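If you want the building blocks of each chain, they are given just below.
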Amino acid sequence: MQKIFSSLCLNCQYGAQHVLKEEISHCYPDLRFSYSRGAFSTWLFDPVRFKPLDHETMISTGAHCSENHKTNKNTRLLETVFGRSCILSMGKITCPGETDPATMTDAFWNQVVEAIDSVPESPWFSSGIHRIHVWQPDTQEPGKHRFEPGVTSLAQEIQRKIVQNCPGDVKQRLAPNDQDAWQAIEGYLGETCLDCIVVAPDEWWIGTHRVVDEHSRWPGGLLPLQLPSDAVSRAWLKFEEGLRWSGFPIGQGSHCVDIGSAPGGGSQALLARDAFVVGVDPAEMDPAVLAHPNFVHARGKISQLKRKLFRKARWLLTDMNVAPSYTLDALEELACRDDLSIRGMLFTLKLFDWKLATEIPDYVQRIRSWGFSQINVRQLQFNRQEVMVAASR
Ligand SMILES: C[S@@+](CC[C@H](N)C(=O)[O-])C[C@H]1O[C@@H](n2cnc3c(N)ncnc32)[C@H](O)[C@@H]1O
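Small disclaimer: the values here were computed from a predicted structure and weren't measured. (Residues numbered from 1 in each chain as written. Predicted model: local features only at pLDDT ≥ 70, side-chain atom pairs only at ≥ 80, totals over all residues. Heavy atoms only, no water.)

**Digging into the overall build of the protein**
Here is step 1 of the chain: Secondary structure summary: the protein contains 10 helices and 14 strands in total.
Here is step 2 of the chain: Taking 393 residues into account, the globule formula puts the C-alpha radius of gyration at 21 Å, and the protein, at 22 Å, falls close to it.
Here is step 3 of the chain: Seen through its C-alpha atoms, the protein measures out along the principal axes to roughly 65 × 40 × 35 Å.
Here is step 4 of the chain: Taking all 393 residues of the protein together, the buried fraction comes to 55%.
Here is step 5 of the chain: Long-range pairs, those at least 24 residues apart, make up 65% of the contacts in the protein between residues at least 6 apart in sequence.
Here is step 6 of the chain: Of the roughly 17,200 Å² of accessible surface on the protein, a fraction of 49% belongs to carbon and sulfur atoms.
Here is step 7 of the chain: Looking at the protein, you have 41 positive and 46 negative side-chain charges, and the mean spots of the two groups are 6 Å apart. (Helix = DSSP H or I, 4+ residues; strand = E, 2+ residues; numbered from the N terminus. Rg over C-alpha atoms; globule rule 2.2 N^0.38 Å. Buried < 20%, exposed > 50% of the residue type's maximum accessible area, 1.4 Å probe, protein only. Contact = heavy atoms within 4.5 Å. Areas by Shrake-Rupley, 256 points an atom, 1.4 Å probe, with all protein chains shown as cover. Lys, Arg positive; Asp, Glu negative; His and termini not counted. Charge placed at Lys NZ, Arg CZ, Asp CG, Glu CD.)

**Regarding the packing of aromatic side chains**
Here is step 1 of the chain: Evaluated as defined, the whole model comprises 10 aromatic pairs.
Here is step 2 of the chain: When the ring of Phe108 is compared with that of Trp109, the centres are 5.1 Å apart and the planes differ by 85°; the resulting orientation is edge-to-face. Residue Phe108 shares its accessibility class with Trp109, and that shared class is buried.
Here is step 3 of the chain: Every member of this aromatic cluster is reached through a ring pair, and the members are Phe108, Trp109, Trp182 and Trp204.
Here is step 4 of the chain: Taking NZ or CZ as reference, Arg210 lies 4.6 Å from the ring centre of Trp124, over its face.
Here is step 5 of the chain: Between Arg393 and the ring centre of Phe372, over which it is positioned, the NZ or CZ distance is 4.1 Å. (Phe/Tyr/Trp six-rings, centres within 6.5 Å; stacked < 30°, edge-to-face > 60°. Lys NZ or Arg CZ within 6 Å of the ring centre and 35° of its normal.)

**Points about the site of the ligand**
Here is step 1 of the chain: The environment of the ligand is made up of 21 residues, and the closest members are Ser233, Gly260, Gly266, Asp281 and Tyr326.
Here is step 2 of the chain: Between the ligand and Gly264 there is a distance of 3.0 Å, counted from an oxygen atom to a backbone nitrogen or oxygen.
Here is step 3 of the chain: Asp319 has a polar side-chain atom sitting 3.0 Å from a nitrogen atom of the ligand.
Here is step 4 of the chain: When the ligand sits alone it has 610 Å² of accessible area, and the protein chains cover 85% of it.
Here is step 5 of the chain: Put simply, the parts of the chain that give the shell around the ligand at least two residues each are helix H7 (265–271) and strand S9 (276–281).
Here is step 6 of the chain: The residue inventory of the shell around the ligand, partitioned by class, reads 10 nonpolar, 8 polar and 3 charged. (Near = heavy atom within 4 Å. Polar contact = N/O pair within 3.5 Å; in protein donor to acceptor, adjacent residues only side chain to side chain. Nonpolar A, V, L, I, M, F, W, Y, C, P; charged D, E, K, R; others polar.)

**Description of the nonpolar core**
The nonpolar side chains of a soluble globular protein tend to be buried with one another.
Here is step 1 of the chain: The biggest cluster of nonpolar side chains holds 86 residues, and the ones touching the most others in it are Trp109 and Met345.
Here is step 2 of the chain: Residues in contact with Met345, not counting those within four places in the same chain, are Phe248, Leu316, Leu331, Ala335, Ile367, Trp370, Phe372, Val389, Ala390 and Ala391. (Core = buried A, V, L, I, M, F, W, Y, C linked by side-chain atoms within 4.5 Å.)

**Quick look at the pattern of salt bridges**
Here is step 1 of the chain: Scanning all chains against the criterion turns up 19 salt bridges.
Here is step 2 of the chain: One salt bridge connects Glu214 with Arg217, and the closest N-O pair in it is separated by 3.1 Å.
Here is step 3 of the chain: A relative accessible area of 18% places Glu214 in the buried class.
Here is step 4 of the chain: Note on Arg217: relative accessible area 15%, which makes it buried.
Here is step 5 of the chain: Of the charged contacts in the structure, one is a salt bridge between Lys350 and Glu386, with a shortest N-O distance of 2.7 Å. Of this pair, Lys350 sits in strand S12 (residues 344–350) while Glu386 sits in strand S14 (residues 386–392), and the two are 36 residues apart along the sequence.
Here is step 6 of the chain: The structure contains a network of salt bridges with shared partners spanning Lys238, Asp319, Lys350 and Glu386. (Salt bridge = Lys/Arg side-chain N within 4 Å of Asp/Glu carboxyl O.)

**So, the pairing of strand S4 (residues 85–94)**
Here is step 1 of the chain: When you tally the buried positions in S4, you get 8 out of 10 residues, the bulk of the element.
Here is step 2 of the chain: The sheet contact formed by strand S1 (residues 7–11) and S4 spans 4 bridges and is antiparallel. Bridge assignment links Cys9 to a residue of S4, and that residue is Ile87.
Here is step 3 of the chain: In terms of strand pairing, S4 meets strand S7 (residues 203–210) through 5 bridges, oriented antiparallel. (Pairing = 2+ DSSP bridges.)

**Some points on the environment of Thr94**
Here is step 1 of the chain: The residue Thr94 is located in strand S4 in this model.
Here is step 2 of the chain: Other than its neighbours up to four places away in sequence, Thr94 contacts Asp202 and Glu203.

**Concerning the sheet that holds strand S2 (residues 32–37)**
Here is step 1 of the chain: Pairing is mixed in the open sheet, where 7 strands are placed in the order S2-S3-S1-S4-S7-S6-S5. Whereas interior strands pair on both sides, the edge strands pair on one side only; in this sheet they are S2 and strand S5 (131–135). Averaged over all adjacent pairs, the angle separating strand axes in this sheet is 30°, with direction ignored.
Here is step 2 of the chain: Where helix H1 (residues 17–27) meets the sheet, it contacts S1, S2 and strand S3 (40–44), and its direction lies at approximately 15° from that of S3.
Here is step 3 of the chain: On top of the sheet, helix H4 (residues 153–164) reaches S5, strand S6 (192–200) and S7; it is set at about 145° to S5, its chief contact. (Axes fitted to C-alpha atoms, helices over the stretch in contact; angles between N-to-C directions.)

Purely geometric numbers; function is a separate question.
Set out below in structure tokens:
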């Protein structure tokens with residue numbers, strides 16, 4: 001049995017488990033791999049060195065990828081590229097063969113109360129629990145067999161049962177200011193969430209996390225995005241997610257260049273924000289995108305086009321099915337020009353071989369050398385074997 005509050009639960013894209021495992025072992029050598037099932041894994045930590053419950057003085061056990069960790073109180077438990085969410089474990093409940101969520105929810109609340117009572121001095125729960133997040137780890141790669149990562153109907157049903165079956169005195173204690181708060185799942189910065197990870201119908205892991213960014217607002221770090229019926233490609237999903245994640249102020253009148261734009265799902269996410277888009281691609285754009293008054297198709301490879309086309313560009317977006325070094329060469333050429341003033345870049349790097357994941361720190365260094373100080377890399381929920389980079393000056 002794992003000790004309460006001395007292990008972390010992580011989830012990732014299905015199929016990226018081994019990459020996440022390598023990343024954690026490398027960046028956080030003091031964490032000890034403990035358990036995994038599909039896209040879900042747990043890691044033990046030494047509570048003396050790593051103090052996530054003491055939020056104000058939280059420290060990291062190893063090297064990490066972002067400076068945020070040192071400066072920001074609303075910091076993530078871990079900084080990873082491949083970890084989609086990171087939850088502080090409050091133990092698990094297993095009732096072998098039990099499929100009735102009602103039975104499991106009783107055990108759930110008992111375990112929650114026991115865990116919270118074991119840390120009475122902690123400031124973590126001092127303002128109660130604001131949200132209840134129930135989610136299942138992915139069971140397929142995004143887009144495969146029509147699977148798209150998201151909160152499943154089983155998870156939604158269990159969330160309702162957990163809220164309904166919470167004993168009155170426990171609810172009074174954990175949601176003292178707003179008894180209806182648990183109806184909504186969308187968290188806000190600084191809020192405390194209680195997590196129920198349905199690894200299997202008879203194996204639930206319980207934990208907690210703070211809302212620190214766009215992804216941690218949602219159960220399992222899963223943004224509630226659905227491909228619109230008029231989207232011309234799945235790329236809409238990853239760019240919509242990337243735009244929300246990066247927080248880039250791309251809106252009315254923003255000038256964007258979308259390299260590798262065909263057929264145009266990514267451009268649609270920009271056009272829906274009333275941005276101007278120059279789409280660069282030798283392939284054909286979808287007629288619906290071509291017909292948009294804010295869209296211009298620069299047909300050809302990025303290396304073949306006249307630079308004056310990009311004069312007004314402030315944002316570069318790229319999604320080319322080429323090696324990362326090619327994408328970076330193309331971006332460097334534009335980002336470092338004196339006659340262009342690029343504010344930010346949002347782009348995919350295709351990891352044709354998972355081994356390329358070990359090159360990510362070098363890619364970040366290279367981008368930093370172009371004058372971009374804020375660089376985040378994440379495998380988004382709708383990225384397949386690739387990562388998204390958001391870089392701004
Ligand atoms: C994954 S698709 C892009 C999907 C697109 N972002 C969307 O939103 O629908 C990759 C695209 O990169 C384009 N591409 C590959 N090499 C390119 C280059 N050197 N310059 C411009 N586009 C390129 C391909 O023609 C292809 O259409």
